[in-house]
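This is what each chain is made of:
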Amino acid sequence: MNRYKTQRRVQVEEPQIPKYDDDVQDEEEQGESGMRLRPSDINVTEDQEPFMGIKVRRKASLRREYRGDYLDVPSRSFLMKILQRQGDKQVLFADKVLKFTSSGKMKRRILMITDFAIYIVDPDSGALKRRIALAAVDKMCLSELSDNFFAIIIPTEYDLLMASTRKTEIVTVLVDATKSASEYELEVVFSNRFEYNASADDVKEVQFEGVEGGVRTKIVKK
């Protein structure tokens, strides 16, 4: 199923969809980095949960210095072991984020980005939940508003919907890392309504609306 009408920039063989613990049901902006923007003037209404309601991004965040590793990965043995098993050495970004499960629940996860892959780790158990090769990422989707949401679209598997106050840095790191690893420019789509595959057969739509003082967000099943 072609969820987007744009042509993909990378060809990836269709492997069998891997199973991860997070598969269980209970379970800005362009600027100078060369990211492609795709504006949309579609706005919708309604909100869902407190976290997905009003958000205000302080102007100071636009001038924030990028540190990359906010967790001091070398000091965390369980993260180093995960990287060593996969053969990755260079950590470009590491921080805690909120990940949305296929059932719509939010779980705190560690997001690590290396020069070859994206890692999703459970901060409580230290277990690797998912590893995604940068070459498998097709695009990123964000709203045009000042919220914290972003989706990573992975056509050969299922997509990731996450939230972070460091969204801009994450997008910048992924665009640069993908270009370095695969020699193609990761597409970044800006729209106030976009779809993502929450699981292999579960398509959801994220809707954003600018309201007084912030952004109202809703996730609906398609």
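Residues numbered from 1 in each chain as written. Predicted model: local features only at pLDDT ≥ 70, side-chain atom pairs only at ≥ 80, totals over all residues. Heavy atoms only, no water.

The chain goes by TH1 domain-containing protein in an unreviewed UniProt entry, where it is assigned to Hibiscus sabdariffa.

Membership of the largest hydrophobic core comes to 28 residues, with the highest contact counts inside it found for Leu111, Ile118, Ile152 and Leu174. Those elements that provide at least two residues to this core are β1 (91-100), β2 (106-114), β3 (117-121), β5 (139-142), β6 (149-153), β7 (160-163), α2 (167-182) and β8 (187-190). With six residues, α2 is the single largest residue contributor to this core. Those residues in contact with Ile118, other than ones at most four positions away along the chain, are Leu111, Met112, Arg130, Arg131, Ile132, Leu134, Val137, Ile152 and Leu174. (Core = buried A, V, L, I, M, F, W, Y, C linked by side-chain atoms within 4.5 Å. Buried < 20%, exposed > 50% of the residue type's maximum accessible area, 1.4 Å probe, protein only. Helix = DSSP H or I, 4+ residues; strand = E, 2+ residues; numbered from the N terminus. Contact = heavy atoms within 4.5 Å.)

It is worth spelling out the sheet that holds strand β4 (residues 128-133) at this point. The strand order across the open sheet built from eight strands is β4-β3-β2-β1-β7-β6-β5-β8, with neighbouring strands paired in mixed fashion. The sheet is open, and its two edges are formed by β4 and β8, each paired on a single side. Direction aside, the axes of adjacent strands within the sheet are offset by 30° on average. Relative to β2, β1 is paired through nine bridges, and the arrangement is antiparallel. Note that in β2 the partner of Val97 across the bridge is Arg109. Where helix α1 (residues 77-86) meets the sheet, it contacts β1, β2, β3 and β4, and its direction lies at approximately 140° from that of β3. (Pairing = 2+ DSSP bridges. Axes fitted to C-alpha atoms, helices over the stretch in contact; angles between N-to-C directions.)

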